[in-house]
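Here is how the chains run, residue by residue.
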Amino acid sequence: MTRLHVISAATRPTSSGRPLAQWVTEQARAHGGFEVTPVDLAEIALPFLDEPEYASTGNYAHQHTRDWSALVDSADAFLFVMPMYNAGFTAPFKNAIDFLYREWAGKPVGIVSYSGGPSGGAPAAEMLKPVLHRVGLLPAERSVAIPGLPGMIGPEGFRAPEGLAGELTGVLDDVAALAAQRAAEPAAV
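A brief report on the enclosed structure follows. (Residues numbered from 1 in each chain as written. Predicted model: local features only at pLDDT ≥ 70, side-chain atom pairs only at ≥ 80, totals over all residues. Heavy atoms only, no water.)

## A few points about the overall build of the protein chain
Next up, step 1: Helices and strands together make up the secondary structure of the protein chain, namely six helices and eight strands.
Next up, step 2: For the protein chain, the N- to C-terminal ordering of α and β elements is β-α-β-α-α-β-α-β-α-β-β-β-β-α.
Next up, step 3: The principal-axis extents of the C-alpha atoms in the protein chain amount to approximately 45 × 35 × 25 Å.
Next up, step 4: Taking all 189 residues of the protein chain together, 46% fall into the buried category.
Next up, step 5: Across the protein chain, the fraction of contacts at a sequence separation of at least 24, relative to all contacts at a separation of at least 6, is 81%.
Next up, step 6: Carbon together with sulfur atoms contributes 55% to the accessible area of the protein chain, which is approximately 9,100 Å² in total.
Next up, step 7: When the 13 basic and 20 acidic side-chain charges of the protein chain are each reduced to a single mean position, those positions are 2 Å apart. (Helix = DSSP H or I, 4+ residues; strand = E, 2+ residues; numbered from the N terminus. Buried < 20%, exposed > 50% of the residue type's maximum accessible area, 1.4 Å probe, protein only. Contact = heavy atoms within 4.5 Å. Areas by Shrake-Rupley, 256 points an atom, 1.4 Å probe, with all protein chains shown as cover. Lys, Arg positive; Asp, Glu negative; His and termini not counted. Charge placed at Lys NZ, Arg CZ, Asp CG, Glu CD.)

Okay, here's the thing in structure tokens:
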């Protein structure tokens, strides 16, 4: 079964993204095509990139990098749940990507973006795609953008608007198809 890591890219302690990421994780489990692991970047708490060598070497001097490497390497695919700030993605999220290189390569990724405003974080997701391509990730064709997220969070957690579960299923289907395609390819020698 495809090992999917749902990565919550929010690091603010009061982020509305955590209840959303929890809902996304539940939906990914219900999809049935994945073994799902939730990952919270706030809990990972990476410092700003402090490795003396380039990530492409795979030579990591620090235990926090080796731990992050092992976690990312253990996944077959990813679903990024990411906020938008000032029309872009966050520095801690870019930093987490930059720590590694080989561990991302060739793996499918879906994007769920969100914002407090009307764009749903779509500009940040579009800005992120060249970075994903550069490290060798394979973005799913479809993505989800959720506008007005704070209004969807209540005491019981995230309240999904009508149709959102179906949109997310489309992204999960794309990720599953990319993972199946990757698994069917002959291993490089």
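## Description of the environment of Glu185
Next up, step 1: Here Glu185 is to be found in the segment after helix 6 (164-184).
Next up, step 2: Here the alpha-carbon distance between Glu185 and Gly120, two residues 65 residues apart in the chain, equals 35 Å.

## Considering the pairing of strand 2 (residues 34-40)
Next up, step 1: Strand direction decides the pairing type here: strand 1 (residues 2-8) and strand 2, joined by seven bridges, are parallel. Counted as the bridge partner of Ser8 is Asp40 from strand 2. (Pairing = 2+ DSSP bridges.)

## Here we look at the pairing of strand 3 (residues 77-83)
Next up, step 1: Burial runs high along strand 3: seven of the seven residues are buried.
Next up, step 2: The alternating pattern of strand 3 places Ala77, Leu79, Val81 and Pro83 and Phe78, Phe80 and Met82 on opposite faces, both of which are buried.
Next up, step 3: Bridge count for strand 1 against strand 3 is five bridges, and the pairing is parallel. Bridged to His5 within strand 3 is Phe78.
Next up, step 4: When strand 3 meets strand 4 (residues 108-114), the two strands line up parallel, connected through six bridges. What sits directly across from Pro83, in strand 4, is Tyr114.
Next up, step 5: Assessed by its sense of winding, the connection that carries the chain from strand 3 through helix 4 (residues 91-98) to strand 4 is right-handed. (Right-handed = clockwise from strand over helix to strand, strands pointing away.)

## Examining the packing of helix 1 (residues 17-31) against helix 6
Next up, step 1: At a closest axis distance of 10 Å, the pairing of helix 1 and helix 6 adopts a crossing angle of 60 degrees. In terms of their interaxial angle, helix 1 and helix 6 are classed as oblique. As for how helix 1 packs across helix 6, the hand of that crossing is right-handed. Of the residues in helix 6, those in contact with Trp23, Val24, Gln27, Ala28 and His31 of helix 1 are Leu164, Ala165, Leu168, Thr169, Leu172, Asp173 and Ala176. (Axes fitted to C-alpha atoms, helices over the stretch in contact; angles between N-to-C directions. Parallel < 35°, antiparallel > 145°, perpendicular 65-115°, else oblique. Left-handed = near helix turned anticlockwise from the far one by under 90°.)

## So, the nonpolar core
Next up, step 1: Counting 29 residues, the largest nonpolar core has Trp68, Phe78, Phe80, Phe93, Trp104 and Leu128 as its most contacted members.
Next up, step 2: Secondary-structure elements contributing two or more residues to this core are helix 3 (63-73), strand 3, helix 4, strand 4 and helix 5 (122-134).
Next up, step 3: Counting residues per element, this core draws most heavily on helix 5, at five residues.
Next up, step 4: Filtering out sequence-adjacent residues up to four positions away, Phe80 remains in contact with Ile7, Phe93, Trp104, Val109, Gly110, Ile111, Val112, Leu128, Leu132 and Leu137.
Next up, step 5: Among the nonpolar cores identified, the runner-up in size contains 26 residues, and Ala21, Leu149, Phe158 and Val171 belong to it. (Core = buried A, V, L, I, M, F, W, Y, C linked by side-chain atoms within 4.5 Å.)

## Some thoughts on the pattern of salt bridges
Next up, step 1: Evaluation of the coordinates by the stated rule reveals nine salt bridges.
Next up, step 2: For Asp76, the salt bridge identified is with Arg3, shortest N-O distance 2.7 Å. Within this pair, whereas Asp76 is found in the loop between helix 3 and strand 3, its partner Arg3 is found in strand 1, the two being separated by 73 residues in sequence.
Next up, step 3: On the accessibility criterion, Arg3 (34% relative accessible area) is partly exposed.
Next up, step 4: What you see here is one network of salt bridges that share partners, running through Asp73, Arg102, Glu103 and Lys107. (Salt bridge = Lys/Arg side-chain N within 4 Å of Asp/Glu carboxyl O.)

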